[in-house]
Each structure stands twice: as structure tokens, then as C-alpha cells.
Amino acid sequence: MPAEAVRKGRAIVIGGSFAGALAARVLADKYEQVFIVERGDPPEKVLPRRNVPQAHHVHLLLQRGKLAIDRLFPGFFSELEQLGATVADLSRDIRWLHCDIWKERFSTDIFAHYCSRSLIDHVIWRRICALSNITYIPHTKVTGLVAKNGAVDGVQCITGDRHHSLMGDLVVEASGRGSQAALWLSEIGYPDTPMSTVKASLGYASRIYRRLPEFAEEWKVLLIFPRLPASRRMGVISPIEGDRWMVTTGGWFDAFPNPVEDEFLNYLHGLPSREIYDVVRRAEPLSDIATYRMPGGLRRHFEQMPSWPARFLVIGDAVCSFNPLYSQGLTICAMEAEFLLSSLDRLLADKGSSRICQEIMSAFSHIVEQPWEQAKNEDMRFPEMGGSPSFALQVRHWYMTKIAEVSAHHRGTLVALLRAINLAEGGNQLFKPHMIARVLGLSLQQKMVKMWR
Ligand SMILES: Cc1cc2nc3c(=O)[nH]c(=O)nc-3n(C[C@H](O)[C@H](O)[C@H](O)COP(=O)(O)OP(=O)(O)OC[C@H]3O[C@@H](n4cnc5c(N)ncnc54)[C@H](O)[C@@H]3O)c2cc1C
């Protein structure tokens with residue numbers, strides 16, 4: 001039977017950014033109609049949108065996220081390349097100062113696609129526009145849920161000054177970090193949603209420059225990641241489409257620059273190496289400086305709710321907004337969308353029951369758990385986080401620093417580190433006994449060589 005014949009019902013997705021578009025793509029396999037309700041503009045142009053201000057800053061798609069996106073949109077990365085994305089080996093093509101040591105560069109099988117976040121959103125938007133059963137409704141803000149008898153039946157919306165409702169068989173909330181899902185649930189009689197935060201006081205500043213061709217042979221990306229917590233500033237020169245660089249700097253608990261040239265350049269000058277500053281001050285700026293501040297990670301524990309309405313799901317940053325310095329957000333959205341795809345048949349067979357929706361929310365929480373802990377553990381290096389880290393966490397910090405040092409000169413350790421950062425297959429090797437023994441042995445060896453010299 002052709003897939004068209006089995007599609008039925010109507011799904012509504014709140015928010016037409018990354019998570020919303022991925023969710024819509026998945027739902028379009030089984031629902032006759034999928035509506036994306038977006039309060040702002042669609043990503044019709046390759047430009048940052050007002051409602052997605054983070055698009056002014058560098059966005060790296062991790063290996064695991066790329067895998068999920070390629071499954072949802074086959075050929076997606078070739079399309080990005082055709083539109084000007086740069087493919088880079090995450091070791092060979094990257095000049096990377098990590099914990100005050102420049103990494104030796106090796107060939108690996110871990111590649112990233114560097115382009116602007118706006119290009120990613122645009123290409124995904126083009127793909128979903130090509131699906132005849134998806135309708136994108138822009139300039140329409142969702143203000144609440146329509147619900148009765150323990151099930152969500154639709155959403156209340158406002159377009160201009162017209163209030164109306166849109167009814168459906170499933171509502172997927174993907175309105176990002178500022179999600180009102182917890183409030184909407186309480187309005188229809190559900191208890192408060194438990195939340196966790198990591199108050200890491202983060203700041204970003206970014207500007208686009210014309211790429212200087214003389215560095216093309218030397219590196220594609222120049223990255224400075226500090227030794228935490230002694231230094232708290234990172235910086236990166238990242239290629240984007242149109243032969244340009246996006247230069248992003250920022251960090252934790254710092255006096256972040258205002259969007260003015262002197263402050264931006266001074267901040268770059270204060271990075272653990274002057275190298276980015278020395279390149280950037282010779283390059284021609286093509287944009288204003290954009291800044292972004294956020295208090296830190298925010299996680300909504302929907303999986304802990306004692307009760308949950310039928311026909312309602314939450315996805316993406318609306319569930320968990322990570323510290324962006326670890327580049328996890330998009331990948332987690334993609335992994336959640338991938339899980340949704342694998343649960344669609346059960347979701348439909350069970351008519352979107354409260355039980356199946358709760359199971360999916362628990363699975364999303366499981367997807368979030370490890371990267372959330374990974375990021376939180378790193379942020380806990382800062383005394384400003386309050387409380388003293390447990391002995392186990394102190395050992396972990398010490399060990400992760402050793403990995404950073406050893407991986408500067410040892411390919412195997414570097415590949416293991418890159419896999420862990422990229423949430424990739426085999427990314428759980430860092431804490432295996434053979435790896436611990438290797439890292440400690442190599443660390444001792446490197447120390448002795450240094451003393452000898
Ligand atoms: C500075 C910064 C840098 C980042 N860098 C990276 C990186 O390198 N790699 C990475 O993987 N991730 C990164 N992230 C995280 C990434 O941006 C997010 O994980 C991702 O955007 C989440 O997608 P989303 O669709 O859930 O939310 P968003 O992209 O925030 O989109 C939410 C959408 O919902 C719409 N909306 C909101 N409320 C309503 C409403 N009531 N009705 C209708 N529509 C509504 C908004 O207009 C918006 O379009 C970064 C984040 C920041 C802040």
C-alpha cells in the first residue's frame with residue numbers, strides 16, 4: 001500500500017525552527033496534514049531571524065546529530081556543501097589550542113560541516129516545503145492549549161489581533177528555551193513541571209568577516225578553548241558560506257563585550273592566545289557585532305510529571321536548553337526527532353494516549369541525560385557555581401584535563417575525545433579501564449620527556 005494511503009489525522013507543531021521542522025518532517029510520514037505554527041518569519045532567506053537570535057553565532061552540528069539529520073533528510077549535507085558549507089576534518093583541518101596546548105593534527109574520520117545556522121534552517125525549510133502535507137503558518141503565536149478530558153485537542157493562537165484555535169490529533173510543542181509549556185499545562189490542570197538549571201552565566205559575541213585567503217592552506221578553523229577555570233574565554237574563527245568567516249567569542253562568568261568594535265577586539269586579545277585577534281584585526285568586517293547572554297542550562301523534567309495529557313509532546317530546547325559552548329542543542333533535537341520517528345507507529349496505534357506520550361517524554365529525557373551531565377560537570381569547575389565539587393567530580397576534572405593534554409600529541413586519545421564531544425558511536429570510551437590506563441601512562445611519559453628536555 002503506498003504510504004499516502006495510510007496517512008490520517010492532523011498534527012500541529014508549535015514553533016517552526018530546528019526542532020519544529022524536524023518534528024514536522026517525521027510526522028508527515030503518518031499524518032495526513034501537519035501544521036507548523038510559527039510566531040515569526042519562516043527561514044525563507046539565509047539570514048538570522050528575530051526570533052532565533054542565536055543564529056548570529058557559530059553553530060556546530062556534532063557527528064551524532066549529522067547522522068540523525070541525514071536519516072531524516074537524505075542528501076542534506078551534499079546540499080549544504082553545494083551552498084557553500086566547508087567540510088573539515090576535526091583534527092587535520094583545525095588549529096586548536098586546548099587547555100593551553102596546541103594540538104598536533106592527524107587525519108581522522110570525524111568531519112564537520114561548517115556554515116551558518118541560518119543556512120541549516122533554510123535548507124531544512126526548503127526540504128519541508130517540498131512535502132505536500134506540511135503547511136507552515138508564519139506570524140501566528142500559540143497562546144495556550146485546547147484540552148478536555150485529559151487530552152490536548154489543539155492550540156489557541158493569535159494572528160495579528162485575531163484570536164483563533166487550530167484543532168488537531170497531536171500537538172508537538174517546539175517553541176524553544178522560552179517555552180510556555182509548563183504554564184499551559186498548569187492552565188489545563190496539571191501540576192508544576194520540575195526544572196533543573198545550571199547557572200553558568202554565559203555570554204557570546206560574534207561578527208562576520210571576509211575570509212583571508214592566505215590561511216586556507218594552514219587551517220580551515222581556528223579554535224581556542226581555555227583551561228577551565230583559570231581562563232574562561234573561548235574563541236573560534238569558523239568558515240561559513242559565501243567565503244566568509246564567522247568569528248565567535250565568549251565564555252563563562254566574565255565581563256562580556258558590548259557590541260562595539262573596541263570591546264570585541266579587546267576581548268579577543270584577552271583569549272589564552274592572541275592568534276585569533278591577530279587574524280581578525282586584519283580582516284574586513286561584513287556585519288555588526290551581535291551579542292547574546294544567557295544564565296546557563298535549563299532542563300524541564302516533563303518525564304517526572306505524575307500525570308500527562310494524551311496527544312501532547314514537547315521537543316527540542318523546550319525540553320532542555322544546554323550550555324551552547326558544548327554545541328549539543330541541535331544534535332539533541334535531531335536525536336529526539338529520530339526517536340519520535342521510531343515511535344510513530346506505536347503513537348498512532350495507541351491513539352496518542354497519555355501513556356505513550358509519557359513514554360516518549362521519558363525517552364527524550366534519557367537522550368538529554370548524558371550530554372546534560374557532561375556539560376554540567378564541566379561547568380562545575382567554576383567556583384562561582386557554588387558548593388564544592390564532590391571528590392569523584394574533582395577526580396573527573398583532573399582526568400579530563402589529562403585527556404586534553406595527552407590528546408594534544410596522541411591520535412588515539414584525540415579520536416576518543418572527539419567521539420565523546422560529538423556524542424558519536426564509541427563516544428563512551430573515555431572512562432573505560434583500558435583508556436584510563438593509556439591516558440595515565442602517556443601522561444607520565446609526556447611529563448618525563450618534558451623534564452628530560
Ligand atoms: C549562542 C548560542 C550558540 C549555540 N551554538 C550551538 C552549536 O554550536 N551547536 C548546537 O548544536 N547548538 C547550538 N546552540 C543551541 C541551538 O541553537 C538550539 O539547541 C536550537 O536552536 C533549538 O532549536 P528549537 O527549535 O528547539 O528552538 P529555537 O531554535 O529557539 O526555535 C524556537 C522557535 O519557536 C518559535 N516560537 C516561540 N514561541 C512561540 C509561540 N508561542 N508560538 C509560535 N511559535 C513560537 C520561535 O519563533 C522559534 O522559531 C546554540 C545556542 C545559542 C544560544
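Everything numeric in this text was worked out from a predicted model, so none of it was measured. (Residues numbered from 1 in each chain as written. Predicted model: local features only at pLDDT ≥ 70, side-chain atom pairs only at ≥ 80, totals over all residues. Heavy atoms only, no water.)

Chemist: Tell me about the packing of helix 3 (residues 63-72) against helix 9 (residues 329-349), and name the residues and values.
Modeler: Between helix 3 and helix 9, whose axes approach to 8 Å, the crossing angle comes to 45°. The angle between helix 3 and helix 9 falls in the class oblique. The handedness of the crossing between helix 3 and helix 9 is left-handed. Judged by residue contacts, Arg64, Gly65, Ala68, Ile69, Arg71 and Leu72 of helix 3 engage Thr331, Ala334, Met335, Ala337, Glu338 and Leu341 from helix 9. (Axes fitted to C-alpha atoms, helices over the stretch in contact; angles between N-to-C directions. Helix = DSSP H or I, 4+ residues; strand = E, 2+ residues; numbered from the N terminus. Parallel < 35°, antiparallel > 145°, perpendicular 65-115°, else oblique. Left-handed = near helix turned anticlockwise from the far one by under 90°. Contact = heavy atoms within 4.5 Å.)

Chemist: Please set out the site of the ligand residue by residue, giving values where relevant.
Modeler: Inspection of the region around the ligand gives 32 residues, with Ser17, Glu38, Leu60, Asp317 and Leu330 positioned closest. In the environment of the ligand, a nitrogen atom lies 3.4 Å from a nitrogen or oxygen atom belonging to the backbone of Val58. A distance of 2.8 Å is found between an oxygen atom of the ligand and a backbone nitrogen or oxygen belonging to Leu330. Here the ligand, which alone exposes 1000 Å², has 95% of that area covered by the protein. Where the shell around the ligand is concerned, the elements lending two or more residues are helix 2 (18-27), strand 8 (140-148) and helix 9. Here the element with the most residues in the shell around the ligand is helix 9; it accounts for four residues. Looking at the shell around the ligand, its residues break down into 14 nonpolar, 13 polar and five charged. (Near = heavy atom within 4 Å. Polar contact = N/O pair within 3.5 Å; in protein donor to acceptor, adjacent residues only side chain to side chain. Areas by Shrake-Rupley, 256 points an atom, 1.4 Å probe, with all protein chains shown as cover. Nonpolar A, V, L, I, M, F, W, Y, C, P; charged D, E, K, R; others polar.)

Chemist: Describe in detail the nonpolar core, supporting the description with residues and values.
Modeler: Side chains of nonpolar character tend, in soluble globular proteins, to be buried together. One finds Leu27 and Trp252 to be the most contacted residues of the largest nonpolar core, which totals 127 residues. For Trp252, the residues in contact, after removing those within four places along its chain, are Ala200, Ser201, Leu202, Phe225, Pro226, Leu228, Arg232, Asn323, Leu325, Tyr326, Asp379 and Phe382. In terms of nonpolar packing, the next biggest core, distinct from the first, is built from 21 residues, Leu222, Leu268, Ile276 and Ile289 among them. (Core = buried A, V, L, I, M, F, W, Y, C linked by side-chain atoms within 4.5 Å. Buried < 20%, exposed > 50% of the residue type's maximum accessible area, 1.4 Å probe, protein only.)

Chemist: Account for the environment of Pro257, naming residues and giving values.
Modeler: Residue position: Pro257 is located in the loop between strand 15 (244-252) and helix 7 (261-269). Pro257 sits in the buried class, given a relative accessible area of 4%. Separated by 119 residues in the primary sequence, Pro257 and Lys376 place their C-alpha atoms 24 Å from one another.

Chemist: An account of helix 13 (residues 433-452) is needed here, citing residue identities and associated values.
Modeler: A rise of 1.5 Å per residue sets the reference length of helix 13, with its 20 residues, at 28 Å; its end C-alpha atoms lie 29 Å apart and thus fit the reference within 8%. Every buried residue of helix 13 is accounted for by Met435, Val439, Leu442 and Ser443. With its buried residues spanning 110° around the axis, helix 13 presents them on a single face. Seen from the buried face of helix 13, the exposed residues on the opposite side, beyond 90 degrees, are Pro433, Ala437, Leu444, Met448, Met451 and Trp452. (Expected span 1.5 Å × (residues − 1). Arc of directions from axis to C-beta.)

Chemist: Go over the sheet that holds strand 9 (residues 151-159) with me, naming the residues and quoting the values.
Modeler: Ordered in space as 8-9-10, the three strands form an open sheet in which the pairing is antiparallel. Edge positions in the sheet fall to strand 8 and strand 10 (162-167), since each of these pairs with one other strand and no more. Neighbouring strand axes in the sheet, compared pairwise and without regard to direction, differ in orientation by 30° on average. Looking at chain direction, strand 8 and strand 9 are connected through eight bridges and run antiparallel. Within the sheet, the bridge partner assigned to Ala147 lies in strand 9 and is Val152. (Pairing = 2+ DSSP bridges.)

Chemist: If you had to explain the pairing of strand 9 to someone new, which residues and values would you point to?
Modeler: Along strand 9, seven of the nine residues are buried, which leaves the element largely enclosed by surrounding structure. Where strand 8 folds back onto strand 9 in an antiparallel hairpin, the turn is made up of two residues, including Asn149, whose phi is positive at roughly 50°. Strand direction decides the pairing type here: strand 9 and strand 10, joined by six bridges, are antiparallel. The residue of strand 10 that forms the bridge with Gln156 is Ser165. As consecutive antiparallel partners, strand 9 and strand 10 are separated by two residues, and within that stretch Gly160 has a phi angle of approximately 60°, a positive value.

Chemist: I'd like a rundown of the layout of surface pockets, residues and numbers included.
Modeler: What the second largest pocket holds in volume is close to 370 Å³. What lines the second largest pocket is a set of 14 residues, and nearest its centre among them are Glu405, His409, Gln446, Lys447 and Lys450. Elements with a minimum of two residues in the lining of the second largest pocket: helix 11 (391-406) and helix 13. The element contributing the most residues to the lining of the second largest pocket is helix 13, with seven residues. (1 Å grid on protein atoms, 1.4 Å probe; cavity = no way out; pocket = protein on both sides within 12 Å on 5 of 7 lines; lining within 4 Å. Points joined across faces, edges and corners; volume = space filled by probe spheres on them.)

Chemist: An account of empty space enclosed by the protein is needed here, citing residue identities and associated values.
Modeler: According to the stated counting rule, one finds three cavities of 30 Å³ or more in the structure shown. As for the largest cavity, its lining consists of Gly16, Ser17, Phe18, Ala21, Pro43, Arg49, Asp121, Ile124, Trp125 and Ile128. Listing elements by their share of the lining of the largest cavity, those giving two or more residues are helix 2 and helix 5 (117-129). When residues of the lining of the largest cavity are assigned to their parent elements, the largest contribution, four residues, is made by helix 5. Split into classes, the residues belonging to the lining of the largest cavity amount to six nonpolar, two polar and two charged.

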